[in-house]
There are 2 protein chains.
Amino acid sequence: MSTPAPAPRVRLDLDARREQLMRIGLELFSTNSYDAVSIDEIAARAGISKGLLYHYFPSKREFYVAGVRAAAAQLREVVEPDPELSPPERLRVSLEAYVDYVEHHAEGYIALMRGGIGSDAEVREIVEESRAVIIDRAIADLPLKTEPTTLLRLAMEGWVGYVEATSLSWLERRTVPRERLRELLFNTFLVVVGAAVQADPSLELDLAALGG
Amino acid sequence: MSTPAPAPRVRLDLDARREQLMRIGLELFSTNSYDAVSIDEIAARAGISKGLLYHYFPSKREFYVAGVRAAAAQLREVVEPDPELSPPERLRVSLEAYVDYVEHHAEGYIALMRGGIGSDAEVREIVEESRAVIIDRAIADLPLKTEPTTLLRLAMEGWVGYVEATSLSWLERRTVPRERLRELLFNTFLVVVGAAVQADPSLELDLAALGG
């Protein structure tokens, strides 16, 4: 009798059930790859039949997409800068929250960023939208004396590429302590913004306010 | 009679045929997405039967993988720095060659980097290996006064993420002129290296030699 007993079956209303399933999906897909999660496991954890699970999500793919969407919303929330802090502190705290989040959801993050369920258009759209929100926020939070430009946005897209590439490498190989990664990200953000300003004569920025 | 006549069938020896197919694959897959290329088209271009094509490459996937491998080798070759140039010139010329290459192979580059044939392990390995070669070279070319460190490597991995993210965005949206992108990449490389040196007390670098 080594098989664990399934969760007891409990009647929940539609919204509560959906929310419960989303919580389970978030947990499973953010700590496992897509292929490693089975429909049976999801249903067993929720204490419902596979049939009822399919009633909420017609396929494993749709359940995964909903999970990625929930994870993206959660990530955006944890890196939301605290308006009470100074600009450099906001940046530092957000970067720390990002590193902590991806560390606690390493398996799912790696699987998603390394291909996940591949070239799924909907998943890609969620990832792209999340990046756009983070970039919008980063730009809005810069002490700009001028309007933001397309070149600044391009540099911020590159910055997100930098953060994702270093985070992935760090999660997979852990070649440096967490504190070093955080410091590298903080320093690099400042200089990446500086390089964009340098390459675009129509940008003016109070870099001291950011770095101080 | 609007269908173009197929290429005449010519007997080629094994190596020449393989080379011809690779050339065709490189052209097709670097300017089209995976799904847009058909086995029929490849065979017609080469002037051979589908049967003979399958003799060289058992599946479209294997043909694609060989094409990605050839493209990766070509990209590494065109960005290989000219040892006769000064360090800043080497960097500038390599970055220009990179931007030119991805521009001329935009469709294939976008398809590959946005997922391509998805989470194919072999494709991912080729991409990863190419990145590693470029990072090795970039590190070897830095005017370091000390041994390179794991933090420097992490920063260079981030740099490649920056270049890929900006290149993809630029190819898809062309929000700035090519010259602006090149200048942004050049400036950013220098400061990214600077930020790594700043975050790692055991690194010492002759930054003036690089930026001058």
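Asker: Can you help me understand the overall build of chain A in this one?
Answerer: Helices and strands together make up the secondary structure of chain A, namely 10 helices and 0 strands. The helix and strand sequence of chain A, counted from the amino end, reads α-α-α-α-α-α-α-α-α-α. For chain A, the C-alpha atoms occupy an extent of roughly 65 × 35 × 35 Å along the three principal directions. Counting all 212 residues of chain A, 50% fall into the buried class. A fraction of 69% describes how many contacts in chain A between residues 6 or more apart in sequence connect residues 24 or more apart. Counting every atom, chain A has about 10400 Å² of accessible surface; 52% of that belongs to carbon and sulfur. Side chains of chain A give 24 positive and 33 negative charges; the mean places of these two sets differ by 6 Å.

Asker: Would you mind going over the packing of aromatic side chains with me for this structure?
Answerer: Between two aromatic rings, the relevant description is the distance of the centres plus the angle of the planes. Residue and element names in this part refer to chain A. Taken as a whole and judged by the stated rule, the model has 8 aromatic pairs over all chains. A centroid spacing of 5.1 Å and a plane angle of 70° characterise the contact between Trp159 and Phe189, whose relative ring orientation is edge-to-face. Here Phe189 lies in helix 9 (residues 178-199) and Trp159 lies in helix 8 (residues 150-173), a separation of 30 residues in the sequence. Under the relative-accessibility criterion, Trp159 is labelled buried at 7%. Residue classification places Phe189 among the buried residues on the basis of a relative accessible area of 4%. Following the ring pairs from residue to residue traces out a cluster consisting of Trp159, Tyr162 and Phe189. Arg174 extends its terminal NZ or CZ atom over the ring of Trp170, reaching a point 4.4 Å from the ring centre.

Asker: In this structure, what is going on with the interface of chain B and chain A? I would like to understand it.
Answerer: A common way to report how large an interface is uses the accessible area buried once the components associate. On the side of chain A, 38 residues touch chain B, which itself brings 38 residues to the contact. Taken over both partners, the interface formed by chain B and chain A buries close to 3000 Å², and the fraction arising from carbon and sulfur atoms is 64%. A per-residue breakdown of the area chain B buries against chain A is headed by Arg114, Leu154 and Leu184 of chain B, which together make up 18% of the total. The interface formed by chain B and chain A holds 2 salt bridges in total.

Parameters at a glance
- Residues numbered from 1 in each chain as written.
- Chains lettered and ligands numbered in written order.
- Predicted model: local features only at pLDDT ≥ 70, side-chain atom pairs only at ≥ 80, totals over all residues.
- Heavy atoms only, no water.
- Helix = DSSP H or I, 4+ residues; strand = E, 2+ residues; numbered from the N terminus.
- Buried < 20%, exposed > 50% of the residue type's maximum accessible area, 1.4 Å probe, protein only.
- Contact = heavy atoms within 4.5 Å.
- Areas by Shrake-Rupley, 256 points an atom, 1.4 Å probe, with all protein chains shown as cover.
- Lys, Arg positive; Asp, Glu negative; His and termini not counted.
- Charge placed at Lys NZ, Arg CZ, Asp CG, Glu CD.
- Phe/Tyr/Trp six-rings, centres within 6.5 Å; stacked < 30°, edge-to-face > 60°.
- Lys NZ or Arg CZ within 6 Å of the ring centre and 35° of its normal.
- Buried area = accessible area lost by both parts, 1.4 Å probe.
- Salt bridge = Lys/Arg side-chain N within 4 Å of Asp/Glu carboxyl O.

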